[in-house]
Structures are given as C-alpha cells and as structure tokens.
Amino acid sequence: MIENLRADLQAAAGHRALERGWRVFIRRETKAILQYRFSHWVHTLRIPVVRQLLMIVALVWQRWNQIMLAGILIAPDAEIGPGLVLHTAYGLQISPTIIGSNCTFNSQVHIGTGVKSIGDNCYFAPGCKVIGEVKIGNNVLVVANSVVLTDVPDNTTIMGVPARIKLPGGRLRKMPWKTMDAKKKESQISATKANGSNGANGANGAKTNGSAAVPKTNDAQPEPQQKINA
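Remember, it's a predicted structure, so these values are computed and weren't measured experimentally. (Residues numbered from 1 in each chain as written. Predicted model: local features only at pLDDT ≥ 70, side-chain atom pairs only at ≥ 80, totals over all residues. Heavy atoms only, no water.)

Q: Give me the lowdown on the overall build of the protein chain, citing residues and values where you can.
A: Within the protein chain, the regular secondary structure consists of four helices and 15 strands. A separation threshold of at least 6 residues defines the contact pool for the protein chain, and within that pool the share at least 24 residues apart is 23%. Approximately 14700 Å² of the protein chain is accessible, and the part contributed by carbon and sulfur atoms is 58%. (Helix = DSSP H or I, 4+ residues; strand = E, 2+ residues; numbered from the N terminus. Contact = heavy atoms within 4.5 Å. Areas by Shrake-Rupley, 256 points an atom, 1.4 Å probe, with all protein chains shown as cover.)

Here is the structure:
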C-alpha cells in the first residue's frame, strides 16, 4: 500500500506544478486515493477482529468522501496499480475491476462492473463511460463523452457514442501547466518581438527599388489637356 501510495503522490505532483511537495496532500483527489488505498488494504487483511473494525472505519471514510467530494466512489475490491491520478474527480465511479499502472481519470467517468480489465497508461477524458464485458489495452485514450462497449486494442484513441472510431496512437498530448504570471511574461515577450519585427519592416519599407525617390511637386506635374470638340 505504501509503495502504491507513494507512486500516486508522485504522479499527482507531475500533473500540476503548483501542487507539489506537501501541497499534494491538500488536494481533494488525494483524499479519495488515500481512502481507496486504505480500504483495499483492509480487505486484504486476514486478522479476524482487526479486519472488521477497520472495515467500519473504511466504510465511514468512503461515505464521507462521497458526500464531501461530490460523489467519488472507488470500489475497495478494485485492483488498481501504482500511479493512479484523479485529475478532476467529481462524479467518478470505478467498479470492481483490474486496472493497470499510471492511469488517469477525470470527472464524470464511469467504469462499469462488467469491465474485465484496463491496461497501463490509459487516459479517460471527462464524461466517458466504459460499460459491459470489455477489455481496455495499454496506452489507450478514451475521448470525452465516449461510450465504450467493445474491446479496445493497445495504442489506440477511441471516440464516439457508441465508441467505434479508433485512431492509432493513444498518448495524450500534455500541455505544460502555466500560471498567470508565466502567461503575462510570454505575452510581453511576444509583444516585444512583434514590435521589433514591425520596426525592421518599417526600415525596410523606407527603401525603394532602383534610385532614390525624388519628391514630386505640383509644378513638375504637367496639367491634363482637355479635348475640345471643333
């Protein structure tokens, strides 16, 4: 349990730069992960009296998380590998199944009771549903609001309702976490670069093709001749 929990905290710190170190413990999602790891450990105990007492604590803790954390429910008998990340865990339900390592779940994700297994390095976008006796391979990306009813092979991006569109490659493109100060600095740098390029274009625009430009005067311009009908 301790090793899996340590891997979970490290994976959570890698998703958000502002919540590293001790700040990982104050996340809402961390409380749900702690509760699941504790409940799963209690279910594996073989000490008769201690097991029953700790199961009461785990059950109360689970119901408290459901109320305070907007309906997060992870079955204690689900076997989830290390590196579990609950990115935005609201309305999340994971039923008893086998889940590999380094998997990420977003809000409104539902993993049904009939799911056979889920591989490693899988990403479940917000609102997706996995229902039925299906098997999810490794490196699978399930697009938001998709409903998976069939098996998904490895290294696949799947989408649709029901999910029928399968694209090669299942790795999510992770965007770097940026604070408002970093965004302001980037905007200032881009603005200075734009001003510098405009200045260079202005200097180039001053040059003309061929000889130097001679200012035209009104005296040098011939007056237009009017045609007079005889």
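Q: Give a description of the sheet that holds strand β13 (residues 147-148) that names residues and reports values.
A: Here five strands make up an open sheet; going across it, the order is β1-β4-β7-β10-β13 and the pairing parallel. Bordering the open sheet on either side are β1 (73-74) and β13, each of which pairs with just one other strand. Pairing between strand β10 (residues 129-130) and β13: two bridges, direction parallel. The residue bridging Lys129 from the neighbouring strand is Val147, located in β13. (Pairing = 2+ DSSP bridges.)

Q: Account for unusual backbone geometry, naming residues and giving values.
A: Here Val161 and Pro162 are connected by a cis peptide whose omega angle stands at -5°. Mapped onto the secondary structure, Pro162 falls in the loop between β14 (156-160) and β15 (163-168). For Asn145, which is not a glycine, the phi torsion comes out positive at approximately 65°. With respect to the secondary-structure elements, Asn145 resides in the loop between β12 (140-142) and β13.

Q: How would you summarise the pairing of β14 if you had to cite specific residues and measurements?
A: The pairing of β12 with β14 spans three bridges and is parallel. Its bridge partner lying in β14, Val142 is registered against Ile158. As paired strands, β14 and β15 are joined by five bridges and run antiparallel to one another. Within β15, the residue paired with Gly160 across the bridge is Ala163. Between β14 and β15, which follow one another and run antiparallel, lie two residues.

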